[in-house]
2 protein chains.
Amino acid sequence: MTTITARERLINAAIEAFAEKGFAGTTTRDIASRAGMSPAAVYVHHDSKESLLFTVSIEGHRSALDVITRAAASSTDPIERLRSMVYDFSLWHADNSRVGRIVQYEYHALSDEHRAEVATYRRSIEKTMQDALADGVDQGVLDVDDVPGTAFSLLSLGVDLVRWFEPGGSRSADQLASLHADLAVRMARRT
Amino acid sequence: MTTITARERLINAAIEAFAEKGFAGTTTRDIASRAGMSPAAVYVHHDSKESLLFTVSIEGHRSALDVITRAAASSTDPIERLRSMVYDFSLWHADNSRVGRIVQYEYHALSDEHRAEVATYRRSIEKTMQDALADGVDQGVLDVDDVPGTAFSLLSLGVDLVRWFEPGGSRSADQLASLHADLAVRMARRT
DNA sequence: GTCTATAATCAGATAGAC
DNA sequence: GTCTATCTGATTATAGAC
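Quantities reported herein were computed from a predicted structural model and do not represent experimental measurements.

Let us look at the UniProt feature "domain: HTH tetR-type" (unreviewed entry) in chain A. What UniProt calls "domain: HTH tetR-type" (unreviewed entry) maps, in this numbering, to residues 4–64 of chain A. Here residues 4–64 of chain A runs as 70% helix and 0% strand, with 23 Å between its end C-alpha atoms.

Right, dumping it as structure tokens:
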């Protein structure tokens, strides 16, 4: 049995609100109300509205990095590894489109210190994709002119899902992730 | 010689502010101040903050649709046409990253009526890309399993530029647009 | 750990002088 | 068409009772 603390209820309420209205468009009253609490209760469990955003953002980044890191380690075959990485990264963004929207679009709303901390996760995600492409080129299996640019473009496919994806739409998360994985292989495979 | 009206100065100020702080995070006082005017002056030339957003959004959509429509008409060769469409669409998003950010990320902040009007432009953009892919498949030059999905993914590459692109960075708009065009051809070409 | 009440500030929009 | 001054209501965050 899972016990949800008041602190966690507020985080879940913040995720809903930030994803729907944006950070600046969300009031602490809205967060409290979604969690079934009074406006003052927010400040018992969290320091500020920005610290709620940081909590959501850092956990989201950690989770996305974890997903792509595991996929990178899932195979040594460059094609299979690339397919896994793109599939899992896109699937994560579809399955977590609300958190993903906050992670991507409210990055600028973080304080300078918090933004710097989150930035290290972003660089790790990019480096993981770049390393996988570079290794595939070294093995002679992939043909990629611009490794950093192509890595970024592959990640873009997944990231851009958070702009519009909603569960229950005409395409499933799995369909989209599979499509992206197929496109990725065509983009990078040596012919 | 070009005369800039007060109305246009306010629109330019709104573009700066909305792109930097988001619609909800921007105050009408900020817009007025950037235009070198008093808070009240905003309402002499525009009905509301939302109507300023609508003006920016509709013009941005019109411009982006225009760019991709012209590119679609620039060639009948499916490969050259695809290259032009992706290059021009991505170039537009890099060269107009501030307007593009507003177009993409503040779509939900429009009133219901205004959002419906803008939505027709979005559908036209998607249809233009889908038609180009479908025609290339018919001609036997392209090989695309999922035409709507691939069309959307190609547009995503350009759209996602607005999330991070700033002029003067390590990559030029032209470099990024060329990269996207190359990747697009690899994604869709029959082998 | 929850609440009600409130402080202090700031928001969008308007009135009316010049 | 511009300004200063202001209305009305909302906002983040805190104080203090229970």
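In this section: the interface of chain A and chain B. Where interface size is quoted, it is often the accessible area lost as the parts come together. The interface is formed by 29 residues belonging to chain A together with 29 residues belonging to chain B. Together chain A and chain B conceal approximately 2400 Å² of surface at their shared face, both sides included; 54% is due to carbon and sulfur atoms. By the criterion of area lost to chain B, the three top residues of chain A are Arg163(A), Arg186(A) and Met187(A), representing 26% of everything that side buries. Scanning the region where chain A abuts chain B turns up four salt bridges. Of the charged contacts, one joins Arg186(A) and Asp143(B) as a salt bridge, the two residues approaching to 3.7 Å between their closest N and O atoms.

With that settled, consider the packing of aromatic side chains. On inspection of all chains with the given rule, the structure shows seven aromatic pairs over all chains. Centroid distance Phe152(A) to Trp164(B): 4.9 Å. Interplanar angle 55 degrees. Geometry classified as tilted. Of this pair, Phe152(A) sits in helix α8 (residues 147–159) while Trp164(B) sits in the loop between α8 (147–159) and α9 (173–188), each in a different chain. Accessibility expressed as a relative area gives 23% for Phe152(A), which makes it partly exposed. Taking the relative accessible area as the measure of exposure, Trp164(B) reaches 33% and is therefore partly exposed. Taken together, the aromatic side chains of Phe152(A), Trp164(B) and Phe165(B) make up a single cluster linked through ring pairs.

A separate point is the protein's contact with DNA strand C. Taken together, the neighbourhood of DNA strand C is formed by 16 residues, with Ser38(A), His45(A), Thr27(B), Thr28(B) and Tyr43(B) sitting nearest. Residue Thr28(B) places a main-chain N or O atom 2.8 Å away from a phosphate oxygen belonging to DNA strand C. Secondary structure elements with two or more residues in the surface near DNA strand C: α3 (42–45) of chain A together with α2 (28–34) of chain B. Here the residues of the surface near DNA strand C are counted per class, giving seven nonpolar, six polar and three charged.

DNA strand D sits among 16 residues. The nearest are Thr27(A), Arg29(A), Tyr43(A), Ser38(B) and His45(B). Looking at DNA strand D alone, sugar and phosphate atoms form 53% of those within 4 Å of the protein. Within the side chain of Tyr43(A), a nitrogen or oxygen atom sits 2.7 Å from a phosphate oxygen of DNA strand D. Between DNA strand D and Lys49(A), the relevant distance is 3.3 Å, taken from a phosphate oxygen to a main-chain nitrogen or oxygen of the residue. Mapped by element, the contributors of at least two residues to the surface near DNA strand D are α2 (28–34) of chain A together with α3 (42–45) of chain B. Each residue belonging to the surface near DNA strand D can be placed in one class, and the counts come to seven nonpolar, six polar and three charged.

It is worth spelling out the nonpolar core at this point. Counting 107 residues, the largest nonpolar core has Met129(A), Leu133(A), Met129(B) and Leu133(B) as the members making the most contacts within it. In contact with Leu133(A), other than residues within four places in its own chain, are Leu82(A), Leu142(A), Val144(A), Val147(A), Thr150(A), Ala151(A), Leu154(A) and Ala188(A).

What follows concerns the environment of Leu65(A). Residues and elements named next belong to chain A. In this structure, Leu 65 sits in helix α4 (residues 49–72). When its relative accessible area of 15% is taken as the criterion, Leu 65 is described as buried. Between the C-alpha atom of Leu 65 and that of Ser 124, which follows or precedes it by 59 residues, the distance is 7.2 Å. Excluding its chain neighbours within four sequence positions, the residues that come into contact with Leu 65 are Tyr 121, Ser 124, Ile 125 and Thr 128.

Here we take up the relation of the copies chain A and chain B. Least-squares fitting of chain A to chain B yields an RMSD of 0.0 Å, with the transformation described by 0.0 Å of translation along the axis and a rotation of 180 degrees. Taken together, these values place the two copies in the relation of a two-fold axis. Most of the interface of chain A is mirrored in chain B, where 100% of its interface residues are also at the interface.

This next bit is on the side chain of His61(A). Tracing the chain through its elements places His61(A) in helix α4. With residues near it in sequence (within four places) discarded, His61(A) still touches Val103(A), Val118(A), Tyr121(A), Arg122(A) and Ile125(A).

As a further point, take the pattern of salt bridges. All names here are of chain B. Applying the stated criterion to the full structure yields 30 salt bridges over all chains. In this structure, the salt-bridge partner of Asp 30 is Arg 34, at a minimum N-O distance of 3.1 Å. In this pair, Asp 30 and Arg 34 are both assigned in helix α2, four residues apart and thus about one turn of the helix distant. You can call Asp 30 buried: its relative accessible area is 14%. A salt bridge links Asp 66 to Arg 70; the nearest nitrogen and oxygen atoms lie 3.0 Å apart.

Let us look at the domain arrangement of chain A. Residues and elements named next belong to chain A. Assigned domains of chain A: these are domain 1 (1–47) and domain 2 (48–188). One C-alpha centre belongs to domain 1, the other to domain 2; they are set 27 Å apart. Domain 1 puts 18 residues into the contact, and the matching count from domain 2 is 14 residues. A combined buried area of about 1400 Å² lies between domain 1 and domain 2, and 75% of that area is made up of carbon and sulfur atoms. Scanning the region where domain 1 abuts domain 2 turns up zero salt bridges. Where the side of domain 1 that touches domain 2 is concerned, the elements lending two or more residues are α1 (6–21), α2 and α3. Among the elements that line the side of domain 1 that touches domain 2, the one with the most residues is α1, at eight residues. Residue composition of the side of domain 1 that touches domain 2, by class: eleven nonpolar, four polar and three charged.

Scoring rules and cut-offs
Residues numbered from 1 in each chain as written. Chains lettered and ligands numbered in written order. Predicted model: local features only at pLDDT ≥ 70, side-chain atom pairs only at ≥ 80, totals over all residues. Heavy atoms only, no water. UniProt positions renumbered as here; feature names shortened; annotations may be inferred. Helix = DSSP H or I, 4+ residues; strand = E, 2+ residues; numbered from the N terminus. Contact = heavy atoms within 4.5 Å. Buried area = accessible area lost by both parts, 1.4 Å probe. Salt bridge = Lys/Arg side-chain N within 4 Å of Asp/Glu carboxyl O. Phe/Tyr/Trp six-rings, centres within 6.5 Å; stacked < 30°, edge-to-face > 60°. Buried < 20%, exposed > 50% of the residue type's maximum accessible area, 1.4 Å probe, protein only. Near = heavy atom within 4 Å. Polar contact = N/O pair within 3.5 Å; in protein donor to acceptor, adjacent residues only side chain to side chain. Nonpolar A, V, L, I, M, F, W, Y, C, P; charged D, E, K, R; others polar. Core = buried A, V, L, I, M, F, W, Y, C linked by side-chain atoms within 4.5 Å. Least-squares fit on C-alpha atoms with pLDDT ≥ 70 in both. Domains from an automatic or database assignment.

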